[in-house]
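# Chain and residue survey
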Amino acid sequence: MNTRTILTLSGSLRKQSSNSLFLHGLAALAPGNFTFINYAGLDTLPHFNPDLDGDDAIPSAAVADLRAKLKHADAVVICTPEYANGVPGVLKNALDWIVSSGELMNKPVAAISASPNPLGGDKALASLLLTLTIMSAVIVDSATMSVPFIRSKLSTEGMIIDLQTAEACRLLLQTLEQAIHTKET
Ligand SMILES: Cc1cc2nc3c(=O)[nH]c(=O)nc-3n(C[C@H](O)[C@H](O)[C@H](O)COP(=O)(O)O)c2cc1C
């Protein structure tokens, strides 16, 4: 089997983030040919400014690093909380930096929202999907999900202990593999 490099991005900067922990749990369920690299630089990115973007602009080191990591990845998994019915500003800021540079164009992306609330952050997920769509990312249906009551579904070590959620994660990973394979052929 071909090796797969998956870049993960958590939309939460919190040290004890359940979204970051969920990405850890997802990685633990992945087949052996998957290598997960976590991007932890959301708080290093400057505020997006179109004057600093584009062909004539030299990107900051942080922006260049984000773009390089995305370019190198076979697929990307984003897991985000919902803040005030939307995507956290730090995550939207990162996505704004790659609209014109195009690293997500034709890239398989899995999008997850996780929340302690019963709706699982569905509005953040819907908003994230709109953004990914305009960026021409490859979003596969079974690779998107919102996870309600997140705190009851993770062990303190970051393992996904809810069987149904773990099954949905396995399906998500399979779907991602298929999308990467389709892109290669
Ligand atoms: C400013 C703020 C706004 C929030 N708004 C929402 C919301 O609109 N919907 C929701 O489901 N949870 C909301 N939450 C709760 C978050 O889902 C919860 O804090 C979650 O644990 C954050 O994810 P994390 O554990 O990965 O940091 C909000 C939390 C904060 C701090």
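As the structure is a computational prediction, the values presented were derived from the model and not from experiment.

Parameters and conventions
- Residues numbered from 1 in each chain as written.
- Predicted model: local features only at pLDDT ≥ 70, side-chain atom pairs only at ≥ 80, totals over all residues.
- Heavy atoms only, no water.
- UniProt positions renumbered as here; feature names shortened; annotations may be inferred.
- Helix = DSSP H or I, 4+ residues; strand = E, 2+ residues; numbered from the N terminus.
- Pairing = 2+ DSSP bridges.
- Right-handed = clockwise from strand over helix to strand, strands pointing away.
- 1 Å grid on protein atoms, 1.4 Å probe; cavity = no way out; pocket = protein on both sides within 12 Å on 5 of 7 lines; lining within 4 Å.
- Points joined across faces, edges and corners; volume = space filled by probe spheres on them.
- Nonpolar A, V, L, I, M, F, W, Y, C, P; charged D, E, K, R; others polar.
- Near = heavy atom within 4 Å.
- Polar contact = N/O pair within 3.5 Å; in protein donor to acceptor, adjacent residues only side chain to side chain.
- Areas by Shrake-Rupley, 256 points an atom, 1.4 Å probe, with all protein chains shown as cover.
- Core = buried A, V, L, I, M, F, W, Y, C linked by side-chain atoms within 4.5 Å.
- Buried < 20%, exposed > 50% of the residue type's maximum accessible area, 1.4 Å probe, protein only.
- Contact = heavy atoms within 4.5 Å.

Per the UniProt annotation, the sites labelled "domain: NADPH-dependent FMN reductase-like" (unreviewed entry) are residues 5-148. Summarising residues 5-148: 31% helix, 24% strand, and an end-to-end C-alpha distance of 27 Å.

Looking now at the pairing of strand S2 (residues 34-39). Bridging between strand S1 (residues 4-10) and S2 involves six bridges; their strand directions are parallel. Each bridged residue has a counterpart across the sheet, and for Leu7 the counterpart in S2 is Ile37. For the crossover that starts at S1, traverses helix H1 (residues 18-28) and ends in the parallel S2, the hand is right-handed.

As a further point, take the layout of surface pockets. Roughly 150 Å³ of internal volume is contained in the largest pocket. Looking at the largest pocket, the residues that line it are Ser10, Ser12, Leu13, Arg14, Ser20, Asn38, Tyr39, Ala40, Gly41, Leu42 and Asp43. Looking at side-chain class alone, the lining of the largest pocket contains four nonpolar, five polar and two charged residues.

We now examine the site of the ligand. Near the ligand there are 14 residues, and of these Ser12, Ser17, Ser18, Glu82 and Ser115 occur at the shortest range. One of the side-chain nitrogen or oxygen atoms of Ser18 is found 2.7 Å away from an oxygen atom of the ligand. Within the backbone of Ala84, a nitrogen or oxygen atom sits 2.9 Å from a nitrogen atom of the ligand. When isolated, the ligand has an accessible area of 620 Å², and the protein chains bury 69% of it.

A separate point is the nonpolar core. Counting residues in each nonpolar core, the largest one holds 27 residues, and the members touching the most others are Leu9, Ile78 and Leu104. Secondary structure elements with two or more residues in this core: S1, helix H2 (61-72), strand S3 (75-80), helix H3 (89-96), strand S4 (108-114) and helix H4 (122-134). The residues touching Leu9, leaving out its near neighbours within four places in the chain, are Leu23, Asn38, Tyr39, Leu42, Leu70, Val76, Val77, Ile78, Cys79 and Leu91.

Moving on, we get to the environment of Leu21. Residue position: Leu21 is located in helix H1. Measuring from C-alpha to C-alpha, the distance between Leu21 and Ser155 comes to 9.1 Å, with 134 residues separating the pair along the chain. Setting aside chain neighbours within four positions, we find Leu21 in contact with Leu154, Ser155, Thr156 and Gly158.

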